[in-house]
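# What the coordinates show
Chain by chain, the residues:
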Amino acid sequence: TLKHTLLWGLLLTASWWLWSAHTELLIIIFGIGSIILTLYFFIRMDRFADERPPYTLGLRPVWYLPYIIWEIVKANLDVARIIISPKMDIQPQMFETEASQKTAIAQVIYANSITLTPGTITCDMRDDNGRMLFRIHALTRDSRAGVESGDMDRRCTRLEGGSP
């Protein structure tokens, strides 16, 4: 709807202005152009979407945020220790793990959470006869063990409102 688009346009404009704070004419023109282009894609995607899925996570992401921030900090320290160490003890490996989330949004949050924690990257997601499998690259055995422990998987499943 027009009201919805105007609201998004105002939000994008305010965000752009707060983050850039530029007053040069050329930069402002580029900013306006990028906002218009973003709104164009927003309208186009909205038009071709079958239906807008309802936001169903509620306030659960607020409780997930401290956990993922702490995991990112721990993983950063671990990767920094590996880089600084003269031995540089890395054992890169690819492996697959099953995700227990049922909704696409929770699966994406889980995949991105793995990727956000340094030392692990989600390379692929595939449906294997109803089981969602993630292909992950891990820098060390410890980072692999961290994913395989299932703690992040359980928390993402709780995030979507399910029981792990």
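Presented here is an overview of the structure given in this document. (Residues numbered from 1 in each chain as written. Predicted model: local features only at pLDDT ≥ 70, side-chain atom pairs only at ≥ 80, totals over all residues. Heavy atoms only, no water.)

What follows concerns the pairing of strand S2 (residues 120–128). Bridging between S2 and strand S3 (residues 131–138) involves eight bridges; their strand directions are antiparallel. Its bridge partner being in S3, methionine 125 is matched across the sheet by phenylalanine 134. Hairpin connection between S2 and S3: a loop of two residues separates the two successive antiparallel strands, and asparagine 129 in this loop has a positive phi of roughly 55 degrees. (Pairing = 2+ DSSP bridges. Helix = DSSP H or I, 4+ residues; strand = E, 2+ residues; numbered from the N terminus.)

Right, let's get into the environment of tyrosine 64. Relative to the helices and strands, tyrosine 64 is located in helix H3 (residues 60–84). For tyrosine 64, a relative accessible area of 9% translates into the label buried. Here the alpha-carbon distance between tyrosine 64 and arginine 158, two residues 94 residues apart in the chain, equals 9.2 Å. Beyond its immediate chain neighbours, meaning those up to four positions away, tyrosine 64 contacts Ile109, Ser113, Met152, Arg155, Cys156 and Leu159. (Buried < 20%, exposed > 50% of the residue type's maximum accessible area, 1.4 Å probe, protein only. Contact = heavy atoms within 4.5 Å.)

Another point: the packing of aromatic side chains. Taken as a whole and judged by the stated rule, the model has five aromatic pairs. Ring geometry for tyrosine 64 and tyrosine 67: centres 5.7 Å apart, planes at 50 degrees, overall tilted. With tyrosine 64 and tyrosine 67 both in helix H3, this residue pair falls three residues apart, about one helical turn. (Phe/Tyr/Trp six-rings, centres within 6.5 Å; stacked < 30°, edge-to-face > 60°.)

The next thing to look at is the packing of helix H4 (residues 104–116) against helix H6 (residues 151–159). Think of two packed helices as two axes; the pair is described by the angle between the axes and how far apart they sit. Axis separation between H4 and H6 bottoms out at 9 Å; the angle between their running directions is 145 degrees. Crossing of H4 over H6 shows right-handed handedness. On H6, the residues touching Ala106, Ile109, Tyr110, Ser113 and Ile114 of H4 are Met152, Asp153, Cys156 and Leu159. Grouping the amino acids of the contact of H4 with H6 by side-chain chemistry returns seven nonpolar, one polar and one charged. (Axes fitted to C-alpha atoms, helices over the stretch in contact; angles between N-to-C directions. Left-handed = near helix turned anticlockwise from the far one by under 90°. Nonpolar A, V, L, I, M, F, W, Y, C, P; charged D, E, K, R; others polar.)

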